[in-house]
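# Analysis of the macromolecular model
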Amino acid sequence: MKSAVENLTPTRVKLNVEVPFEELKPSIDAAYKTVASQIQVPGFRKGKVPSKLIDQRVGRGYVLETAINDGLNGWYQAAVQETGVRPLSRPEVEITEVPDPSATDGELKFQVEIDVRPEIELPDYAGIKVEVAAAESSSEDVDKALDELRGRFGTLKSVERPAQNEDFLTIDITATIDGEEIDSASGLSYQVGAGTMLEGLDEAVTGLSADEEAIFDTTLVGGDHAGEAAQVKVVVKAVKERELPEANDDFAQLASEFDTLAELREDLAKQAADSKVVGQGVEARDKVLDKLVELVEVPVPASVVEEQIEAHFNPENAHGEGDHDTEEHRAEVKANTERAFQNEVILDAIADKEEVEVSQNELIDYIVSTASQYGMDPNQFAQIIDQSGQVPMMVSEVRRRKALAVVLGQAEVVDSEGNKVDLGDFVRPAGEVAADESAVAEAGEEADAVASDDPAAVKF
């Protein structure tokens, strides 16, 4: 078999494939067996009809057509393998020549047009310069962390006053559309200002005391009427405020391994400083990736964008957003898709250049981290991705993260005050053993913080 590539655009090629008769013959023989099992001829068992009789009954042209249809995908895959192209779209096939059905020689010729991953030329990315915010933790950061810790041990106390921001309420709600009740719930707990239930709820309950009610208009976000406008009545049954324990040595002993409040505050200050460093790493990583996209021109195939938009707005999909199909939303999805594709192509090219490999431990670490983000058992999550054939995708994501870490490790990062920023710990390769158990715990927390918004974790 011969195959050749003809470049049509930077992201689209035509494969010209020629299959000689000797390579076509096994498919023809298989086609005779297929046809023999489909027809019945008196005097012959099913599947045992001679080839000459099949030619008389259905015609050799039909057999040849069957052979081509059955073998076409295999020849196409072989051509892809031989030429080294990386298809991104469904192939559009045109058969240009078939052997004469009455002959025993000749060849099959066909053309395939497909969108492919573009070839890019990487710039010199060593020493990319980026600036990040200064990592200075203040006493306010420590106070905030201490208050959050106190909040975990706080108690709720009923109060006889109108509800205000951050109060905890017990509410009943009833939703109606055109005067007809379509849903209701009683005894719900809600914190004013959380914004986690219905748009307009915070404004409606603010200022209400126990046994008072309000009616507001909103758009439902769940159930059979999701996306529909409705009128909601909310009744406040109780107003409660959180009482925080006093910050003293007794609280330090209750909430931590420290004996004094001073020791607890010192540890919170260290955590705040570490958090600022992680924040610097995330900011530097994002800006380095932005710089790479600016330096490298990556054409995006239209089929990639169209496929993502169709999947995003298809109401038949589990997460389809057909009800939110607007011109602005489509533009947003298009921009996000193009950027994600550019990230993927650039980071894969860097990974190839740097010969980045992914170890089994690194893949396991990533699976465990991802499973925790979904609140799933790591073993169960691993089984799901294995059964759905997504392990190669996971490997690619880890490889791109490592490629981005390579570039970040070579970058010149300074803060807004001109100080050089050391991101050695931030770009430490996955799977590297930390010096002690506390370092392992801190590294795990940093990995979680990074994974939640990693722009390198893109997939198609």
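Residues numbered from 1 in each chain as written. Predicted model: local features only at pLDDT ≥ 70, side-chain atom pairs only at ≥ 80, totals over all residues. Heavy atoms only, no water.

Turning to the pattern of salt bridges, a few remarks are in order. With the rule as written, the count across this model stands at 24 salt bridges. Note that Arg117 is salt-bridged to Glu344, the shortest N-O span being 2.3 Å. Of the two residues, Arg117 sits in the loop between strand S4 (107-115) and strand S5 (129-132) while Glu344 sits in helix H9 (residues 327-353), which places them 227 residues apart along the sequence. Neither residue differs from the other here; Arg117 and Glu344 are each classed as buried. One connected set of salt bridges, linked through shared partners, spans Lys157, Arg161, Asp167, Glu241 and Glu243. (Salt bridge = Lys/Arg side-chain N within 4 Å of Asp/Glu carboxyl O. Helix = DSSP H or I, 4+ residues; strand = E, 2+ residues; numbered from the N terminus. Buried < 20%, exposed > 50% of the residue type's maximum accessible area, 1.4 Å probe, protein only.)

Time to look at the sheet that holds S4. Read from one edge of the open sheet, four strands run S1-S2-S4-S3, paired in antiparallel fashion. Where the open sheet ends on each side, the last strands, each with one partner, are strand S1 (2-9) and strand S3 (92-97). Recorded for the sheet is a direction-independent mean angle of 20° between the axes of neighbouring strands. Here nine bridges tie strand S2 (residues 12-20) to S4, and the two strands are oriented antiparallel to one another. (Pairing = 2+ DSSP bridges. Axes fitted to C-alpha atoms, helices over the stretch in contact; angles between N-to-C directions.)

Attention now goes to a negative patch on the surface. On the surface, Glu246, Asp249, Asp250, Asp259, Glu263 and Glu266 cluster together into a patch of negative charge. Secondary structure elements with two or more residues in the negative patch: helix H6 (249-255) and helix H7 (261-295). With respect to the element layout, Asp249 can be found in helix H6. A relative accessible area of 36% means that Asp249 is categorised as partly exposed. (Patch = residues over 30% accessible without salt bridge, like charges linked within 9 Å, V, L, I, M, F, W, Y side chains within 5 Å. Areas by Shrake-Rupley, 256 points an atom, 1.4 Å probe, with all protein chains shown as cover. Lys, Arg positive; Asp, Glu negative; His and termini not counted. Charge placed at Lys NZ, Arg CZ, Asp CG, Glu CD.)

A packed helix pair is summarised by two numbers, namely the angle formed by the two axes and the spacing between the axes. Their axes nearest at 9 Å, the elements helix H4 (residues 139-152) and H7 cross at an angle of 110°. By the angle between their directions, the pair H4 and H7 is classed as roughly perpendicular. The hand of the H4/H7 crossing is right-handed. Of the residues in H7, those touching H4 at Ser139, Asp141, Val142, Asp143, Ala145, Leu146 and Leu149 are Leu261, Leu264, Arg265, Leu268, Ala269, Ala272 and Lys276. (Parallel < 35°, antiparallel > 145°, perpendicular 65-115°, else oblique. Left-handed = near helix turned anticlockwise from the far one by under 90°. Contact = heavy atoms within 4.5 Å.)

So, about the packing of aromatic side chains. According to the stated counting rule, one finds two aromatic pairs in the structure shown. The interplanar angle of 90° and the centroid separation of 5.8 Å between the aromatic rings of Phe153 and Phe251 together place this pair among those described as edge-to-face. Of the two residues, Phe153 sits in the loop between H4 and strand S6 (155-158) while Phe251 sits in helix H6, which places them 98 residues apart along the sequence. Relative to Phe381, the ring of Tyr374 has its centre 6.0 Å away and its plane inclined at 25°; by these criteria the two rings are stacked. (Phe/Tyr/Trp six-rings, centres within 6.5 Å; stacked < 30°, edge-to-face > 60°.)

Residue placement: Tyr62 occurs in helix H3 (residues 60-83). Relative accessible area serves as the criterion here: at 40%, Tyr62 is assigned to the partly exposed category. Along the chain, Tyr62 and Ala31 lie 31 residues apart, while their C-alpha atoms are 9.2 Å from each other. Apart from residues lying up to four places away in sequence, Tyr62 is in contact with Val35 and Gln38.

In this section: a nonpolar patch on the surface. A contiguous nonpolar surface patch, about 220 Å² in accessible area, is contributed by Val93, Ile95 and Val98. Tracing the backbone through its elements, the reader meets Val98 in the loop between S3 and S4.

We now examine unusual backbone geometry. We note that Glu166 has phi near 75°; this positive angle belongs to a residue other than glycine. With respect to the helices and strands, Glu166 occurs in the loop between S6 and strand S7 (168-177). Residue class for Glu166 comes out exposed when judged on its relative accessible area of 54%. The residue Asp211 is not glycine, and still its phi comes out positive at about 75°. Counting through the fold element by element, Asp211 comes out in the loop between helix H5 (201-205) and strand S9 (213-219). On the basis of relative accessible area, Asp211 is assigned to the exposed category, the value being 61%.

What follows covers helix H1 (residues 21-36). For H1, with 16 residues, the first-to-last C-alpha span of 22 Å sits near the 22 Å given by 1.5 Å per residue. Along H1, the residues classified as buried are Phe21, Leu24, Ser27, Ile28, Ala31, Tyr32, Val35 and Ala36. Against S2, helix H2 (51-57), H3 and S4 lie the buried residues of H1. (Expected span 1.5 Å × (residues − 1).)

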